[in-house]
Amino acid sequence: MEKQPRLLASQLLLKNSLFEVSLNRVLLTWKEIATKKKRVSGGIHHPFKVGTSHGVSVSEILAVRELDVDSETKDDGRWQKMPQKSTEAYPYAFTVSYVERAWQHRWRCSDVTFHCLEGALCQQWVQTIREQLTALTSRPKHLLVYINPYGGKQQGERIYEQKVAPLFTLASISTHVIVTEHANHARDHLRTEAELKKYDGVVCVGGDGMFSEMVHGLVSRTQRDNGVDQNSPEEKLVPCTLRIGIIPAGSTDCICYATVGINDPVTSALHIIVGDAQPMDVCSVHHNNTFLRYSVSLLGYGFYGDVLADSERKRWMGPARYDFSGFKTFLTHHYYEGTVSFLPATDILGTPRDKTRCRAGSRCFICQHNGQLYSEDAPEICETDTDVSDSEYKGGWRVIRGKFLAINAASMSCACPRSPKGLSPAAHLADGTTDLILVRKCSRFNFLRHLLRHTSKYDQFDMNFVEVHRVRRFRFTPRYCQSDSELDLRENGKRLFSQICRDHPACSCSPAYSSWNCDGEILPHAAIEVGVHCQLIKLFARGIEEQPVFEDLPNPCVV
Ligand SMILES: CCCCCCCCCCCCC/C=C/[C@@H](O)[C@H](CO)NC(=O)CCCCCCCCCCCCCCC
Ligand SMILES: Nc1ncnc2c1ncn2[C@@H]1O[C@H](COP(=O)(O)OP(=O)(O)OP(=O)(O)O)[C@@H](O)[C@H]1O
Ligand SMILES: [Ca+2]
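Computed from a predicted model, the values in this text were never measured in an experiment.

**Student:** Looking at this structure, I do not really get the coordination of the calcium ion (ligand 3). What am I missing?
**Tutor:** Tetrahedral coordination by four donors puts the ideal angle at the metal at 109.5 degrees, and octahedral coordination by six puts it at 90 or 180 degrees. With distances of 2.3 to 2.7 Å, the protein atoms coordinating the calcium ion (ligand 3) are D281 (OD), S411 (O), H428 (O), D431 (OD) and T433 (O). Between consecutive donors of the calcium ion (ligand 3), the numbers of intervening residues give the motif D-x129-S-x16-H-x2-D-x1-T. Residue D281 is found in strand β14 (residues 278-287), and its partner D431 is found in the loop between β19 (397-410) and β20 (434-440); the two are separated by 150 residues along the sequence. Overall, the relative accessible area of 1% leaves D281 in the buried class.

Given below as structure tokens:
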């Protein structure tokens, strides 16, 4: 690495030991200097350096402040005796707060306090570090924050007040906080009212559903401002400039898991403060040339659609509702007939079954390579021939007919506490593709084996009833057409199982349609068309850091 010129270097006191402290544009380092003398050749005594050198990257310094040492040594106007004689001789001090890496991708705020001999030197250190921080232009200064008080275990407001707000204050970030009053409050406020020019980013405190509101609000607003018609599936969407931060307080928090590595509010707050940026793909979902929704994590028909539909009626159970409904849906073992057509991603690096993982975001080689390939063009549209056999290619599209227990499109790994490696462990955040997973009708026992593999090191795709394709676009058409009246009823949240089963000649127990689980929201339409928009949004995140970064280099790192 190119050697950086030193901005400051001084001998300062830290916990009653003398340290050589040095600052350049990239690093703040400190190394202990021994006080005892060492005899060297020629009989001259020199102080010698002991201990390891510590370093913290300037980009991970959160704040610096002068310490009022007097107030530490005075009590009711009377001088107290300093605990250590050496600190007495260094009466001025400043504290640097910085990011420290903890276990399992967690970040924590750590403090180090240096004592100086003179006030002027102390001020020079504080001022120089402040100038360095001001020069970091990617850091947000003003944020718009939405809190869902009812997400997850209903702890959103407490989490924000106790864990996040103090960190934003420390980092001199000003905030405008809105506690949502109803579902879609944040989405509609972002889409129509919010004065976005005033902010460097938007933050949601909640789960994947709240994040989805942010995405819908921001993407729709950006398209409207740029005259783009969201109803046209062929339209190239305009990327959003504002970054989105997520303080996890939901039930699944899979976006946090995939973009930061853990669902921990302090970690996410620190990623926001240091101004990380992680690009992310967004899928648009259409039905008959009408825009339905955007998706960033899972689009699931069959199993995950049914789990969600059932779990929505059990919100009162909190996060446990998914396990309850998952068990129930597993026992019902419904399958659905239809045709899946998809446009495979060609010329890309990586496959859904390789061992590479999307790591440290914008530096992920696969996201960089494939992102460049796909961010230039709108997703191609090709017409498919509907009269095809079970599986064939038509105009670059592949068409597969069958009976499916689940059709899942994972635009990212979808790792979460239930499945630490996720639905598609090798999926990438920003490569312009989604992994289409088709689970055909099989026995309950085999489906259970497939599900269990999401929780172990074994490959969930290595089963003859499962296939996975990395795709740019896909469509699903159920075998039996949904009537408009049936759709209306579904849209209004009513269930129509008896009628669906009567209309379904193939089987007496499996209904004709499932619903799509679109990032945790139910879509009533079974027939949909999906296209991936490469790197449409940016998050305050950096992707999952490789674990060795923490294991080899505890922070402050030994340099
Ligand atoms: C036997 C254990 C097998 C465990 C298998 C676990 C696989 C879990 C994979 C989870 C993938 C989550 C994808 C994320 C989707 C989010 O956009 C969305 C919004 O937050 N969350 C959900 O829809 C929430 C979806 C939550 C789905 C939970 C499914 C739980 C299945 C339990 C099956 C039990 C069978 C037991 C048989 C004895
Ligand atoms: N004030 C509110 N009252 C009721 N619902 C709200 C409110 N604010 C937001 N919502 C809705 O609550 C739903 C769930 O929120 P959220 O995503 O925060 O938690 P979750 O569903 O528990 O977590 P996850 O999405 O991770 O499973 C979202 O769809 C959101 O639109
Ligand atoms: Ca992707």
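**Student:** Looking at this structure, how should I read the nonpolar core?
**Tutor:** Generally speaking, nonpolar side chains in soluble globular proteins are found buried as a group. Of all hydrophobic cores here, the largest spans 69 residues; its most connected members are L144, Y146, L190, F211, I255, M280 and I537. The dominant element in this core, judged by the number of residues it contributes, is helix α6 (residues 208-225), at 6 residues. Not counting chain neighbours up to four residues away, the residues in contact with I537 comprise F211, V215, V219, C240, Q278, P279, M280, V282 and V296. In this structure, V285, I400, F474 and I528 belong to the second largest nonpolar core, which totals 26 residues.

**Student:** Help me out: how do you make sense of α6 in this one?
**Tutor:** Given 3.6 residues to a turn, an α-helix orients residues that are three or four positions apart in the same direction. Over its 18 residues, α6 runs 25 Å from end to end, which matches the ideal 26 Å to within 8%, given 1.5 Å per residue. With 15 of 18 residues buried, α6 lies mostly within the body of the structure. With its phi angle positive at about 65°, G227 sits one or two positions after the end of α6.

**Student:** How should I be thinking about the UniProt feature "domain: DAGKc" (unreviewed entry) in the protein chain in this particular structure?
**Tutor:** As annotated in UniProt, the feature "domain: DAGKc" (unreviewed entry) corresponds to residues 138-289 in the numbering used here. The distance separating the terminal C-alpha atoms of residues 138-289 is 38 Å; by composition the span is 38% helix and 22% strand.

**Student:** Explain the packing of aromatic side chains here, please?
**Tutor:** Think of a pair of aromatic rings as described by two things: how far the centres are apart, and how the planes are tilted against each other in angle. Evaluation of the coordinates by the stated rule reveals 14 aromatic pairs. Ring geometry for F291 and Y294: centres 4.5 Å apart, planes at 45°, overall tilted. Note on accessibility: F291 and Y294 belong to one class, buried. Grouping aromatic residues by their ring pairs yields a cluster made of W30, F94, Y98, F114 and W125. Note that R321 overlies the ring of Y322, its terminal NZ or CZ placed 4.5 Å from the centroid. Here K441 stacks its cationic end above the ring of Y335, 4.6 Å away from the centre of that ring.

**Student:** Looking at this structure, I do not really get the pattern of salt bridges. What am I missing?
**Tutor:** As a working rule, side chains carrying opposite charge can pair if their charged atoms are close by. Per the counting criterion, the structure on display carries 24 salt bridges. The salt bridge involving E545 is made with R101; its shortest N-O contact spans 3.0 Å. Here R101 lies in strand β8 (residues 92-101) and E545 lies in the loop between β24 (528-539) and α15 (547-552), a separation of 444 residues in the sequence. Residues E545 and R101 agree in their burial class; the two are buried. Between R353 and D462 there is a salt bridge, with its nearest N and O atoms 3.9 Å apart.

**Student:** How should I be thinking about the site of ligand 2 in this particular structure?
**Tutor:** The full set close to ligand 2 counts 24 residues, and G152, G207, G209, E213 and S251 are the nearest of them. Taking T180, its side chain carries an N or O atom lying 2.7 Å from a nitrogen atom of ligand 2. Contact distances for ligand 2 include 3.3 Å between an oxygen atom and a side-chain N or O atom of Y322. Calculation on ligand 2 without its partners gives an accessible area of 630 Å², and the protein chains cover 88% of this total.

**Student:** What is the right way to read the state of the cysteines from this model?
**Tutor:** Counted under the stated rule, the structure contains 0 disulfides. Between C204, a free cysteine, and C256, which holds the nearest cysteine sulfur, the sulfur-to-sulfur gap is 8.0 Å. For C204, a relative accessible area of 0% translates into the label buried.

**Student:** What is the right way to look at the side chain of S297 in this model?
**Tutor:** Within the element layout of this structure, S297 appears in the loop between β15 (290-295) and β16 (298-302). Separated by 2.8 Å, the side chains of S297 and D519 make a polar contact. If sequence neighbours within four positions are ignored, S297 has contacts with C254, I255, A409, A410, S411, M412, C414 and D519.

**Student:** What exactly am I supposed to notice about the site of ligand 1 here?
**Tutor:** Neighbouring ligand 1 are 22 residues; D208, T252, S297, N517 and D519 lie closest to it. D208 is positioned with one of its side-chain polar atoms (N or O) 2.7 Å from an oxygen atom of ligand 1. Taking T252, its side chain carries an N or O atom lying 3.3 Å from an oxygen atom of ligand 1. Out of a free accessible area of 850 Å², ligand 1 has 86% covered by protein chains. For the shell around ligand 1, the elements supplying multiple residues, two or more each, are α10 (321-332) and α12 (444-452). Among the elements that make up the shell around ligand 1, the one with the highest residue count is α10 (4 residues).

**Student:** Looking at this structure, I do not really get helix α9 (residues 303-312). What am I missing?
**Tutor:** Among the 10 residues that make up α9, 9 are buried, leaving the element largely enclosed by the rest of the structure. If you check which residues of α9 are buried, you get F303, Y304, G305, D306, V307, L308, A309, D310 and S311.

About the thresholds
Residues numbered from 1 in each chain as written. Chains lettered and ligands numbered in written order. Predicted model: local features only at pLDDT ≥ 70, side-chain atom pairs only at ≥ 80, totals over all residues. Heavy atoms only, no water. Donors = N, O, S within 2.8 Å, 3.2 Å for Na, K, Ca; no water. Helix = DSSP H or I, 4+ residues; strand = E, 2+ residues; numbered from the N terminus. Buried < 20%, exposed > 50% of the residue type's maximum accessible area, 1.4 Å probe, protein only. Core = buried A, V, L, I, M, F, W, Y, C linked by side-chain atoms within 4.5 Å. Contact = heavy atoms within 4.5 Å. Expected span 1.5 Å × (residues − 1). UniProt positions renumbered as here; feature names shortened; annotations may be inferred. Phe/Tyr/Trp six-rings, centres within 6.5 Å; stacked < 30°, edge-to-face > 60°. Lys NZ or Arg CZ within 6 Å of the ring centre and 35° of its normal. Salt bridge = Lys/Arg side-chain N within 4 Å of Asp/Glu carboxyl O. Near = heavy atom within 4 Å. Polar contact = N/O pair within 3.5 Å; in protein donor to acceptor, adjacent residues only side chain to side chain. Areas by Shrake-Rupley, 256 points an atom, 1.4 Å probe, with all protein chains shown as cover. Disulfide = S-S within 2.5 Å.

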